Structures are given as C-alpha cells and as structure tokens.
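# Close look at the chain arrangement
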Amino acid sequence: MGRKSRYAILTVLLILGMFLSAPIGFADFGATPAKEAVIVINPGYRLIIDSEKGTIASLRSTYATDHELLIPEHTRLPLFKIEFLNDHGEFKAVTSSEAKSVRIGKSRDAEGDTITIDFEGIGQLPVDAHVTVRCPSGQSLTYWNLAVNNRTSMWIGHIQFPVIEIPFDNAENQNHSHILTSFADGQLAGPVDPSLSAGAWGGRRSDTPEIWRYNNYPGQWTSTQLMAYYNDAGGLYVACDDAKGLPKFLEPVLEEDGVVMGLGHFPGTRGPGETKLSYNVVLGTFHGDWYAAAEIYRDWASKQPFCATKMAQRTDIPKWLADSPPAISFPMRGQGDWDPPAAENPEYTPLTNALPYLDKWAAAFEGPLMPIIFNWEHSGPWVQPDAYPPVGGEASFREFMSKAKARGWHPMIYGDGLSWVTWQRNTNYDGMAYFHSHGGDAVVTRSWDGSFPEMNLGGWRKNYWTCVGTEKGRQMILDMTRHMAELGPDVVQQFDQGPGPMACYATNHGHPPVPGPWMAEAFEGLIKADVATARSVNPTVAMSCEGAPPETQLQNFQVWDSRFHTTPLYSFLYHEYANGFQGFYTNRVNDEALRLSVARAFVYGYTINFTLRDKGLVEYDWDQTWNRAVPDQAAFIDWTKRVSRFRAGVARDYLVYGRMLRPWNVSGVTERDFGWGKEPLVQSATWQAQDGRVGVVLANYADLPETPRVELEGAGSKKLVIYTGDQKREKDLEAPGVLDVVMEPRSICLIEVR
C-alpha cells in the first residue's frame, strides 16, 4: 500500500471517529455552527443578545451580586411586536420572531458599544425594522431605538418595544421584589407574584391585545415615564427619554410566568413610509431601592424644558400657596359620590350657608383656608357638561366666593376632565337625551369598531371621553372652565381623573384614526387654551388637576389634588417645581390613621386637606357616609394646626421650596399596620433647601412618646439646628453620626444640618 493510500485511509478513519464520538444533538456533518451571542459588559450590567433571533437573551445586574433580571429562556420572546390597522378596522399583529432574516452587528467607538439589528420581511409583510442599542462606556444605562419601514398601506396602531419580562419571586429564598410605577403621585407594588396588583388604583392587568390599544401616558393616571423592578440583589431601570410627552402605554402586565414591563408606543403613522421613535427607551441596572431608580430619572428630567423654572421663581404660582392653608372639602348635596337619594345639605346649600362653619375652622386654625366645593353640579356629582346652574344658584356662589376671599380664604371648584357624563346614581341622572341633542355623538372618542368607549365608575357614574382632536369637544371643556372661573374661585380644577388625552380611532374627527403624536399636540393646545380661558375672566386663578400632572405639563399647573399612598415618587422628582395638596383616599380608618395621613403628607411636602360632614364636623375621608363615628375634633384641630404652621414657618425652605433627597436612616421607631402595611409612628423624610442646607423632618403622630435615632450623613464637623415645635436649640456633631431625638406625642421636629 502506497503512502498516499495510507494517508487517505487514516483521514477517513479520523473523520469517522469524530462523527461517532460527537455528543448527542451534534448537527449534521458539515452544518454551519451557531452564531456567537452579542455580549456587552459595562459597570453594573451584562447584556446578551441572541444573534440568531435578535432577541434579549439575558440582562444581569452585576452590582453587589451577579443577578439575572429576566425570566429564564427570555430569548424565546420577540424583541418587539407591531399591530397594524387597516381601513376596515381590522388588526394585524406581527413580531420580530416572524422575520425572514435577522442580521446583527456590533461596533465600538470612543463613546462605547453600539448594537444594530435588522429584521427583514416581518410576518410575511413588506415590513422591515432596524433596532439600535447604544451602550455608553462607564454607564449602567442602555438606549434602545426602533425604526420601521412599513411598505404596506396600513396604519401602525401601536408598537411594543422592547419586550421585557421579569420573573415572579422565588418563594423559597424570601427575597421579595418590588415594582415601581408612576400611577398618579407614585405606587410601589410587591411581592412580585401571580397576585401582584401593580396597575392603576391597585388593579392588575393580564396581557390581552386590547389593553395595548389605549395609552395611559401622559395623564390618565400615569404621570412620568419611569418604572423599576428591584430586590436586594439588584434592580432593572425602565424609562423613556421623551421630553414631549408623546402617548404611551406604561404599565406592568401579568403573564403566566412573570410580569412584562409594558412599553407601548403610538407613532400614529401610515404606510408606505418609514417610522422612527423620536425618543429612546432606556434600560439599565441599579442597586438600592426605588429612590435609586428615581435619582437616575430625576437627573434626566431636571434638564428638560418642563423643569425650566422652579417654584420659587415661578410668577404664575400665587404666593398664598406657600402659606400652606389647609384645604377643606364639603358636599352641597349627598354625603359622597354614590349615595342615593342625594338630598341637599342645609349646612352647605345654598353655598353661603357654609360660611359660619368655615369661620369656626379658620378661627381654630388661626389662619386662612382653601374651601373645596363638592357636589355642586345641578344634575349630580361630577356631571358635565350638563352642570349649570349650580346647586343653590349662581348668585349664592358668587356671594360665597366674594366673602370667602374677603376673609383671606382661597376657594376651589372642580370640573370633570374630559368626561361627558351620561348617568349618575346619586341623583338618578339620565343624560343620554342631553348627550344626543348637544352633539355629543360627534365629539367623544371612538373605538376601532366605531363604538363609544364607556367608563362605568364603580357603578355610580357612566361617561364617555371627549376627543381632544375635535373642536367642539375642546370647546365643551373650555366652556366648563370659563363658567367655573366666572363664579370667582381662586382655584379651578377642570382636569379631573388624571389630565391627559384619550385614544381615539374615529375616522371623521380630522385626526389620524389611530393614537399618535396628534394627541399630545392637541392636549398641549387644550391645556394652554384652558388656562387662558380661565384667566380671561379671573386673572389670578390657579389651575389644578386630580393626581399629579403629567410631567411635561408641570409648568402649566400651579397645584394638584394628589393621589398617593406611601411612595412619594412625584414629590421626590418634582416638588421644587410645584406643590400638591394631600388629596383623598388615604386609608383614614380611625383617629390615629387620620393623624398618620396628615403626618405622611406633611413630611412628603404636601399641604393638608380634609372633609366636612354634617354640622360642619370633620369626617375621616371623602366618600364615607355619615353613619360612622365622628373623629376627635379637638385632637385633629391641634395636629393640623401644628403641621400647617410648621410647614409654612421653619420648614418652609424644605417642605415648600426644597428638593427631596433619598431618606437618611431613621430607626428605633414603633410600627403599626392600619391596612397599608407596617408604617412607623414617626414619619420622616430628608430634604435639601435651595441653598444646599439639608433638613430631616420628623412627625410623631402617635399618642405616646417616641425616640427615633437619626443617622446623619456627610463628613466633618456639622452644626445642627433642631426645631421641636416652637423650641430651637443648636448642637455640634461630627458626621457621620447619630442623633437620638426625644419626641413627645403628636409632635414635629426639623433637624437642620449646616
């Protein structure tokens, strides 16, 4: 046998041996090996993109502990989903996983890594997409953008991008996670399990096609573009860097194996043509609690146009708001929103009857008030536009406003946002005839099937939503505002239920038949027109809204009726630009919980409000019928008086004009659970004045003394100025250090660090 023959035989045997010894699952001989995953490692995270599918395989937090943030096998989820709408009202959904081809690239320059992913022929449609992921060096944040080449004739209804799903907590390790959302003034939900309630008003939504077809930002209860997921091992930061406040769906959505951090976008474009998101989705990691995520977001937000002017410099905010007058609401008819048959309350109807009761409260507080008039609409609570004349007549309203302002008070009246109310249980109002005869059919929003989306609020009120893209709809809102302002209040709150535009699919309103940027533009115009309309007849009136205003409208509102529980996200982000008042639904189940709600609002920077019942007595909260026990009036007066004076006095630089900081640790305090989880009997928060001074505010609302230990941060010698009630003392301390503060029952303290 020749040498060549022997080599040939050996080669065959070698190849045969390799094939036979290959592990199970080895591909066909000669198959192309799988592409290597694209990996980016930066401080705080490790990102892996599947090169075959162009999906997110892994995102790990690498701070204190290397920790996976996403569900197992996350790569099986598409990177994005697109839902198209044709001219027949039919939807067609496609995903990145249906692309005929995927190409991925990675480049690096002086600023960091950039990943590009191209998807061609998506869902058997002439649709391509281009994804860009910027990963700046030295940062824990990544910036995601999507461009779609839509060569069909269909509209883009919405885009889900990027699809991010986080896991349920592992019950065995007890490492409970939390999700931060921007519902109203802020909401924190957890643990993260299948029973999680992280939606608006503590609701929960499972993933269905319909929920993505409606925006909840701006307004509609979502005030910022921030969400976060975290536990002790690390956190996931989710946000958009959109300074224009374009419509989005931003909400956690339940799946069978975890929670999707819902990110829905509404470009509002039709093919053929290219569409590119005008902002980035920002994904990243952080270590700490929700304050750490909020600090990242605040660093971006503070540089945007909507943070151009701080409260101390805003000339549109009346000076009296800084004096912290307690807000007092009272119903002219009925005891709440929903208690039929609603009779007029002689204490408050006609409206001038309320003056003697309010005089007593003003004397007790030794200061001005902000009276809030509820249930004034003649057709029933919150009924608009069929609201006038008001209960008791316009003459009585004007007289009340004049006399209240002559006393140094600042009366307030409410409208009902974009609602066109058609039914009210309180008065058995049936407004469908009014709706049809006044052109309601032409101005309210439409669903994709042409129907009117209806809200049924707790079985006591029904309404449609006014489309901000219709001129007659906008005029209805402006007429409501003008008429309220003409009555003479110091504050008008037209935009109730979270100010923001509602999605509309009408084909005859003059706007695109899908949600899109037109909504933000129309709403911006409506807000400015609403302010101008009110001030054309009442030049000094302040404008308010229910729930924190959408951040991009922050400079157009002077105050708001807050909706927060125990997570003061909006106050942390934006308090130095405007202040809200406490609002309602704050778990005031007994006298101690009532004082807790005041203490909580006080340390978080809000002014105080409460509700009157029959005989001019304070009630626990709004929408509670008057067959309950009556709170301790003297105790409430004493507590509210102390808090309001302290806020407007020694704590003014912090609680009125200051910036909230991540809280310094306060320990050694008793905790109680009144229904919202354990809360300390001494509420506390840390603030920074505009000149850089730091203050820790404490409020002991309990009936017994408490001695909280405050851990003072910083370094070097510090001079402490300690205000306790009307007392003031100074103390030198070497920082970092601790200070034990002896607090009497129902007392307030400010520790100022200089």
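Residues numbered from 1 in each chain as written. Predicted model: local features only at pLDDT ≥ 70, side-chain atom pairs only at ≥ 80, totals over all residues. Heavy atoms only, no water.

Once that is clear, we can look at the pattern of salt bridges. Under the defined criterion, the tally for this structure stands at 42 salt bridges. Between Glu-546 and Arg-563 there is a salt bridge; the shortest N-O distance is 3.0 Å. Here Glu-546 is found in the loop between β29 (542–545) and α8 (569–574), whereas its partner Arg-563 is found in the loop between β29 and α8, with 17 residues between them in sequence. The exposure classification of Glu-546 matches that of Arg-563, with both residues buried. Salt bridges linked by common partners bring Asp-653, Asp-691, Arg-693, Glu-752 and Arg-754 together as one network. (Salt bridge = Lys/Arg side-chain N within 4 Å of Asp/Glu carboxyl O. Helix = DSSP H or I, 4+ residues; strand = E, 2+ residues; numbered from the N terminus. Buried < 20%, exposed > 50% of the residue type's maximum accessible area, 1.4 Å probe, protein only.)

Turning to empty space enclosed by the protein, a few remarks are in order. With the rule as written, the count across this model stands at 6 cavities of 30 Å³ or more. Approximately 100 Å³ is the volume attributed to the largest cavity. Along the walls of the largest cavity sit Met-311, Leu-321, Pro-325, Met-370, Gln-558, Val-559, Asn-579, Gly-580, Phe-581, Thr-607 and Arg-647, which together make up its complete lining. As a volume, the second largest cavity reaches approximately 60 Å³. Thr-181, Ser-182, Phe-183, Ala-198, Gly-199, Ala-200, Asn-216, Trp-221, Thr-222, Leu-250 and Glu-251 are the residues that line the second largest cavity. (1 Å grid on protein atoms, 1.4 Å probe; cavity = no way out; pocket = protein on both sides within 12 Å on 5 of 7 lines; lining within 4 Å. Points joined across faces, edges and corners; volume = space filled by probe spheres on them.)

A separate point is the nonpolar core. Among the nonpolar cores identified, the biggest contains 168 residues, and Trp-376, Phe-400, Tyr-574 and Ile-751 are the most heavily contacted of them. The next biggest cluster of nonpolar side chains, apart from the first, holds 58 residues, and it includes Val-94, Ile-166, Leu-283 and Ala-520. (Core = buried A, V, L, I, M, F, W, Y, C linked by side-chain atoms within 4.5 Å.)

Here the focus is the sheet that holds strand β1 (residues 38–42). In spatial order, the strands read β1-β2-β3-β4; together these 4 strands make up an open sheet with antiparallel pairing. The sheet terminates laterally at β1 and β4 (67–68), the two strands that pair on one side only. Where β1 meets strand β2 (residues 45–50), 5 bridges bridge the pair, whose relative direction is antiparallel. From the neighbouring strand, Ile-41 faces β2, where its bridge partner is Arg-46. (Pairing = 2+ DSSP bridges.)

Pairing within the open sheet is antiparallel, and its 4 strands lie in the order β25-β24-β27-β26. For this open sheet the edge positions go to β25 (429–430) and β26 (455–457), each flanked by a neighbour on one side alone. Note that strand β24 (residues 419–424) and β25 share 2 bridges and pair antiparallel. The residue of β25 that forms the bridge with Trp-423 is Asp-430.

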